[in-house]
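Chain residues, written in single-letter form:
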Amino acid sequence: MSPVPTAAAAFTRRMDRIEISATMAITAEAAKLRAQGVKLVDFGAGEPHFATPQHIKDAAIEAIQTNFTRYTMVTGIPEVRKAIVERHAADFGSDYAPEEAIFTTGGKLALFEALQALVEHGDEVILPVPYWVSYKDIIQYGGGVPVYLETNEADNFRVTAEAVESLLMPRTKAIILNSPSNPSGAVIAAEDLEQIVRLARERGIWLLLDECYIYLQFEGKGISGAGFKDSKDTVVVLGSLSKTYAMTGWRAGYALAPKALISAMGKLQSQSTSSTAAIVQKASIAALKGSQECVAKMRDDYKALRDEALAGLAMIPGVTCTKPEGAFYVYPNVSRYLGRGGIENTTELSRRLLHEANVVVVPGEAFGTSEHIRISYAVSHADVAEGLERMKQFLVKL
Ligand SMILES: Cc1ncc(COP(=O)(O)O)c(C=O)c1O
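This is a predicted model, so every value here is computed, not measured. (Residues numbered from 1 in each chain as written. Predicted model: local features only at pLDDT ≥ 70, side-chain atom pairs only at ≥ 80, totals over all residues. Heavy atoms only, no water.)

Student: So, the site of the ligand: which residues are in play, and what are the values?
Tutor: Taken together, the neighbourhood of the ligand is formed by 14 residues, with Gly-107, Asp-210, Ser-240, Ser-242 and Lys-243 sitting nearest. With respect to the ligand, the backbone of Lys-108 contributes an N or O atom lying 3.0 Å from an oxygen atom. For the shell around the ligand, a count of residues per class yields four nonpolar, six polar and four charged. (Near = heavy atom within 4 Å. Polar contact = N/O pair within 3.5 Å; in protein donor to acceptor, adjacent residues only side chain to side chain. Nonpolar A, V, L, I, M, F, W, Y, C, P; charged D, E, K, R; others polar.)

What follows is the structure, encoded as structure tokens:
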């Protein structure tokens, strides 16, 4: 008789290589307090405060009414793949065929599939710090090793081609870049991006470009590395409709990559989700092909909110903050307050802010730095002011 496994022994080793997403953990703790009737200011969740635009919702409703509710092709129906490549070509000058696109259940799944398809045990993946929480875990889940590219806060967390080049090793398999960045809002300069695209091509290294926030760049237009000459063999574009069109709950994302990689990702998708929901594909076509006016409007509001968030932070003694160039986060340095009132790190600070000031933030430790907290300002203007005032009152008493 085989022994009954204990709970601890019942899970695979790869499960030990990942942790629950820190942003989701904070959201869950905040939800508990909210259920008890506590009025929180929520700077934690990384999602738009806007409703999904009406024409996108209408397309999904029409899909339901016309019974577009069956299984679809694994990689997405031809129209959605065409809409993805046409939108990207029009906005960034890329040149992909629909067969070089896959529609996924959120951008996170596109990242997951690409890394599972590309990273072998022991392969190194270069990751600029601060990084979005999920990169590290997804690399590790696949057996890869994150190699951290440290950036300088005094230089706005800038990622340079030189810094990337200095980390390239025989085991380097991929580089992940995210511009504008979650959590810092930093944008990679066009010259650096072009050089990194060239480096990746010359060295045969995959360059994963997470363009989740590319439409939320405040100064000038977002630039895709896939728009540069000869980029296609090594670049993998990871896109998302979540933030661009306020569609986080719909789970709509995509990848653009060489056909062979798209097929590998499709193979994985065929054995997991099968495809994205049929009605979400119809809604996404409406988003990608419809007027982009809604995106511009939301971007303008994020920019105004950023300025208000920076002004509010400037009122808190000793807190400094780089100026984000995109996305909807500020990443203030709160080191002045560490070591006070029994608070030793930003995880503890975030917990105390939640319970004592009823403000939700995410600790910098989740993004690989020890002196910051992440504030998502995708909230109402009144909440930006109220939340930062509560933070100030809490901090100055420490
Ligand atoms: C940098 C970055 N990439 C990708 C994603 C994934 O977004 P989604 O899976 O909702 O498309 C997020 C979501 O927070 C993000 O911040």
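Student: Give a description of helix α13 (residues 381-396) that names residues and reports values.
Tutor: A rise of 1.5 Å per residue sets the reference length of α13, with its 16 residues, at 22 Å; its end C-alpha atoms lie 23 Å apart and thus fit the reference within 8%. Close packing links the buried residues of α13 with β1 (41-42), α11 (293-314), α12 (346-357), β10 (359-360) and β12 (373-376). (Helix = DSSP H or I, 4+ residues; strand = E, 2+ residues; numbered from the N terminus. Expected span 1.5 Å × (residues − 1). Contact = heavy atoms within 4.5 Å.)

Student: Outline the packing of α12 against α13, listing residues and values.
Tutor: Closest axis-to-axis distance for the α12/α13 pair is 10 Å, and the angle between their directions is 110°. In terms of orientation, α12 and α13 fall into the roughly perpendicular class. In this structure, α12 meets α13 at a crossing whose hand is right-handed. Contact residues: Leu-349, Arg-352, Leu-353, Glu-356 and Ala-357 in α12; Arg-390, Met-391, Phe-394 and Leu-395 in α13. Of the residues in the contact of α12 with α13, the class split is six nonpolar, no polar and three charged. (Axes fitted to C-alpha atoms, helices over the stretch in contact; angles between N-to-C directions. Parallel < 35°, antiparallel > 145°, perpendicular 65-115°, else oblique. Left-handed = near helix turned anticlockwise from the far one by under 90°.)

Student: Which residues make up the pairing of strand β4 (residues 145-150), and what are the values?
Tutor: With six bridges connecting them, strand β3 (residues 124-129) and β4 associate as parallel partners. Paired with Leu-127 across the two strands is Tyr-148, which belongs to β4. One crossover worth recording links β3 to the parallel β4 by way of helix α6 (residues 133-141), and it is right-handed. (Pairing = 2+ DSSP bridges. Right-handed = clockwise from strand over helix to strand, strands pointing away.)

Student: An account of the pattern of salt bridges is needed here, citing residue identities and associated values.
Tutor: Within this structure, the stated rule accounts for 15 salt bridges. For Glu-219, the salt bridge goes to Lys-303, with nearest N and O atoms at 3.3 Å. Here Lys-303 lies in helix α11 and Glu-219 lies in the loop between β6 (206-210) and β7 (235-240), a separation of 84 residues in the sequence. For Glu-219, a relative accessible area of 49% translates into the label partly exposed. Accessibility expressed as a relative area gives 27% for Lys-303, which makes it partly exposed. (Salt bridge = Lys/Arg side-chain N within 4 Å of Asp/Glu carboxyl O. Buried < 20%, exposed > 50% of the residue type's maximum accessible area, 1.4 Å probe, protein only.)

Student: Got a sec to walk through the sheet that holds strand β9 (residues 329-330)? Specific residues and values, please.
Tutor: With antiparallel pairing, the three strands of this open sheet are ordered in space as β9-β12-β11. Either end of the sheet is taken by a strand with one partner, and the two such strands are β9 and β11 (362-363). As judged from the two bridges shared by β11 and β12, these two strands associate in the antiparallel manner. Note that in β12 the partner of Val-362 across the bridge is Arg-374.

Student: How would you summarise the sheet that holds strand β2 (residues 101-104) if you had to cite specific residues and measurements?
Tutor: To summarise the sheet geometry, strands pair through backbone hydrogen bonds and adopt either a parallel or an antiparallel arrangement. The mixed open sheet is built from seven strands, whose spatial order is β2-β8-β7-β6-β5-β3-β4. Only two strands of the sheet have a single neighbouring strand rather than two, namely β2 and β4. Here the strands of the sheet are splayed against their neighbours by 20° on average, with no regard to which way each runs. By the bridge criterion, four bridges tie β6 to β7 in an arrangement that is parallel.

Student: Talk me through the environment of Asp-300; I want residue IDs and the actual numbers.
Tutor: Position of Asp-300 relative to the elements: it lies in helix α11. By relative accessible area, Asp-300 is classed as exposed at 53%. For the pair formed by Asp-300 and Ala-255, sequence separation is 45 residues and the distance between their alpha carbons is 27 Å.

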